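Listed here are the chains, written in short residue letters.
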Amino acid sequence: MPEISIRGRKMPESPIRKLAPFADIANKKGLKVYHLNIGQPDIKSPELAIQAIKNIDMDIIEYGPSAGYESYRRKLAQFYVDQDIAINFEDIMITTGGSEALLFALGSIMDPGDEIIIPEPFYANYHAFSEESSATVVAVSTTIENGFALPTIDVIEKAITPKTKAILICNPSNPTGNLYSETEIQQLGDLVKKYDLFLISDEVYRKFIYDGDPFFSVMNLEGKEQNVIMIDSVSKRYSMCGARIGCMVTQNKQVIATAMKFAQARLCPPTIEQIACEAAIDTPQSYFDDVIEEYKSRRDTLINELHKIEGVVVNKPKAAFYCIVQLPVENTEDFAKWLLESYELDGETVMIAPAAGFYSTPGMGLNQVRIAYVLKKEDLIKSVHILKHAIAAYNAR
């Protein structure tokens, strides 16, 4: 029988989606499943984007430019300029989601055996993307005890070797909800400049900051323009996950030129969706004000309810709409499967994402889960109520 590739065998499964068959079992039993496992917002997409799709007048849905429509890139560049990020449209490449943007970035800068430093826990697909790019992940660990704060620069610097090519961060963070300060970003900028590395920053959740803390983009690092690459997406900002439109932003012309080879190989990003995204840029600030207020309220509700469960450890996230929760169980993957296969409370159960898949270091995160607070408050309260009783039943088996 022909063999699967080594790279394919090494590709990690998604900790978010691998439990889907177990959710199917629960659904077939007629159970209501509260999905705390995936960051699919229930917020309505902007009406401007919906109307733009409805009003499309095309006889042929043609290929678009490999780098994305210029009109969209120009408008997106102005969107960033309005946020004090001085770039032009030629610094932007439109991609099929933020995932492709990161794949293009890694493919453009990493060679087989190169190392990329990532604070853990991290978005699980970073590991998969690194494997796909034949790069080696070097994790620097953060802990729930100190709110998953960025390790000191000394710790990160000690992780640098002659094989190190880049540092990758998610700011604000999926999965921890942490937000890095301007000082921390400046220190990372100084570090990549000192060692001639790239600093890649996934800033997809930039709009979701709850307590008035300022956001500082890597694109604002002066004198590091050739070192920094920003990843962005419309998925969360406009609640348009299915549009699959993201972008890679950098003033490094060599990176853009190299990434264009990958972009040309896949021909073009989705065309109709770009029209919707271009329209979405005109979404009024009132939309975001309402969304932020809603998510902040959901966050506070979730954290308050979780603190009522004995043995649970959780920090209040500063941003995004996720948190890592430490549960009083030994193995949350087994617990997550049990919740879907064997447990119900009044015909309902919950689906959670085991956090071990967000770590690269073996053995870490085994008693943690990632929870996405993208459900309405009433459902979050019900979900935590179910979780509380499920933990007691699970540990009493």
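Keep in mind that this is a model prediction, so the values were computed, not measured. (Residues numbered from 1 in each chain as written. Predicted model: local features only at pLDDT ≥ 70, side-chain atom pairs only at ≥ 80, totals over all residues. Heavy atoms only, no water.)

Enquirer: Summarise the sheet that holds strand β2 (residues 92–95); cite the residues concerned and give the values.
Expert: Across the sheet, seven strands lie side by side as β2-β8-β7-β6-β5-β3-β4; this open sheet has mixed pairing. Strands with a single pairing partner mark the edges of an open sheet, and in this sheet they are β2 and β4 (136–141). Going across the sheet, the axis of each strand differs from the next one's by a mean of 20 degrees, ignoring polarity. Inspection of the sheet shows β2 paired to strand β8 (residues 246–249) by four bridges, in the antiparallel sense. (Pairing = 2+ DSSP bridges. Helix = DSSP H or I, 4+ residues; strand = E, 2+ residues; numbered from the N terminus. Axes fitted to C-alpha atoms, helices over the stretch in contact; angles between N-to-C directions.)

Enquirer: Go over helix α8 (residues 182–195), please, and point to the residues and values.
Expert: Compared with the 20 Å implied by 1.5 Å per residue over 14 residues, the 20 Å span of α8 between its first and last C-alpha is a close match. Taken together, the buried positions of α8 are Glu184, Ile185, Leu188, Gly189, Leu191 and Val192. Each buried residue of α8 sits inside an arc of 160 degrees when the element is viewed along its axis, so together they form one side. Among the exposed residues of α8, those oriented more than 90 degrees off its buried face are Thr183 and Lys194. Those residues of α8 hidden inside the fold are in contact with α7 (153–158), β5 (164–170) and β6 (198–202). (Expected span 1.5 Å × (residues − 1). Buried < 20%, exposed > 50% of the residue type's maximum accessible area, 1.4 Å probe, protein only. Arc of directions from axis to C-beta. Contact = heavy atoms within 4.5 Å.)

Enquirer: I'd like a rundown of the packing of aromatic side chains, residues and numbers included.
Expert: With the rule as written, the count across this model stands at 16 aromatic pairs. Plain terms: the ring middles of Tyr205 and Tyr322 are 5.5 Å apart, the flat faces sit at 85 degrees to each other, and that makes the pair edge-to-face. Within this pair, whereas Tyr205 is found in the loop between β6 and β7 (228–233), its partner Tyr322 is found in strand β10 (residues 322–326), the two being separated by 117 residues in sequence. Grouped by ring-pair contacts, the aromatic residues Tyr205, Phe208, Tyr295, Phe321 and Tyr322 constitute a single cluster. Directly above the ring of Phe288 sits Lys207, whose terminal nitrogen or CZ lies 4.6 Å from the centroid. (Phe/Tyr/Trp six-rings, centres within 6.5 Å; stacked < 30°, edge-to-face > 60°. Lys NZ or Arg CZ within 6 Å of the ring centre and 35° of its normal.)

Enquirer: Kindly report on the pattern of salt bridges, identifying the contributing residues and their values.
Expert: A pair can form between side chains of opposite charge whenever their charged atoms are brought close. Counting across every chain of the model gives 20 salt bridges. In this structure, Arg298 and Asp42 form a salt bridge, with 2.9 Å as the shortest nitrogen-oxygen distance. Here Asp42 lies in the loop between β1 (32–35) and α3 (47–54) and Arg298 lies in helix α11 (residues 285–306), a separation of 256 residues in the sequence. Put simply, Asp190 and Lys224 hold a salt bridge, and the shortest N to O gap is 3.0 Å. On the criterion of sequence distance, the pair formed by Asp190 in helix α8 and Lys224 in the loop between β6 and β7 is long-range, its members being 34 residues apart. Exposure remark for Lys224: the relative accessible area of 10% places this residue in the buried category. What emerges from the salt-bridge pattern is a single network uniting Glu203, Arg206, Asp232 and Arg237. (Salt bridge = Lys/Arg side-chain N within 4 Å of Asp/Glu carboxyl O.)

Enquirer: Summarise the nonpolar core; cite the residues concerned and give the values.
Expert: In this structure, Tyr80, Leu306 and Phe335 are the most contacted members of the largest nonpolar core, which totals 99 residues. The element best represented in this core is α11, accounting for eight residues. With residues near it in sequence (within four places) discarded, Tyr80 still touches Ile85, Ile87, Ile92, Arg206, Met230, Asp232, Arg237, Cys247 and Val249. Core analysis: the second largest hydrophobic core is formed by 37 residues, Phe104, Ile118, Ala166 and Ile200 among them. (Core = buried A, V, L, I, M, F, W, Y, C linked by side-chain atoms within 4.5 Å.)

Enquirer: So what about the side chain of Arg298? Which residues, and what values?
Expert: Arg298 sits in the buried class, given a relative accessible area of 4%. For Arg298, the residues in contact, after removing those within four places along its chain, are Asp42, Ile43, Tyr373, Val374, Leu375, Lys376, Lys377 and Leu380.

Enquirer: Tell me about helix α5 (residues 97–109), and name the residues and values.
Expert: Note on helix geometry: an α-helix contains 3.6 residues per turn, so any two residues three or four positions apart are oriented the same way. With 13 residues, α5 extends 19 Å from end C-alpha to end C-alpha; this agrees with the ideal 18 Å at 1.5 Å per step. Counting buried positions over the 13 residues of α5 gives ten, a clear majority of the element. Gly97, Gly98, Glu100, Ala101, Leu102, Phe104, Ala105, Leu106, Ser108 and Ile109 are the residues of α5 that are buried.

Enquirer: I'd love a proper account of the packing of α3 against helix α10 (residues 271–280), names of residues and values included.
Expert: In contact at an axis separation of 8 Å, α3 and α10 are set at 145 degrees when each is read in the N-to-C sense. At the point where α3 passes α10, the crossing takes the right-handed sense. Contacts between α3 and α10 involve Leu48, Ala49, Ala52 and Ile53 from the first element and Ile275, Ala276, Ala279 and Ala280 from the second. Residue composition of the contact of α3 with α10, grouped by class: eight nonpolar, no polar and no charged. (Left-handed = near helix turned anticlockwise from the far one by under 90°. Nonpolar A, V, L, I, M, F, W, Y, C, P; charged D, E, K, R; others polar.)

Enquirer: Which residues make up the UniProt feature "domain: Aminotransferase class I/classII large" (unreviewed entry) in the protein chain, and what values go with them?
Expert: Here, the residues flagged by UniProt with the feature "domain: Aminotransferase class I/classII large" (unreviewed entry) are residues 34–343. Secondary structure within residues 34–343 divides into 38% helix and 15% strand; the distance between the first and last C-alpha atoms comes to 13 Å. (UniProt positions renumbered as here; feature names shortened; annotations may be inferred.)

Enquirer: If you had to explain unusual backbone geometry to someone new, which residues and values would you point to?
Expert: Cis geometry marks the peptide bond from Glu120 to Pro121; its omega dihedral reads 5 degrees. Position of Pro121 among the secondary structure elements: in the loop between β3 (115–120) and α6 (125–132). Omega for the peptide link from Asn171 to Pro172 comes to -5 degrees, which places this bond in the cis form. On the secondary structure map, Pro172 appears in the loop between β5 and α8. For Leu267, which is not glycine, the phi torsion reads 75 degrees and is therefore positive. Relative to the helices and strands, Leu267 is located in the loop between α9 (253–265) and α10.

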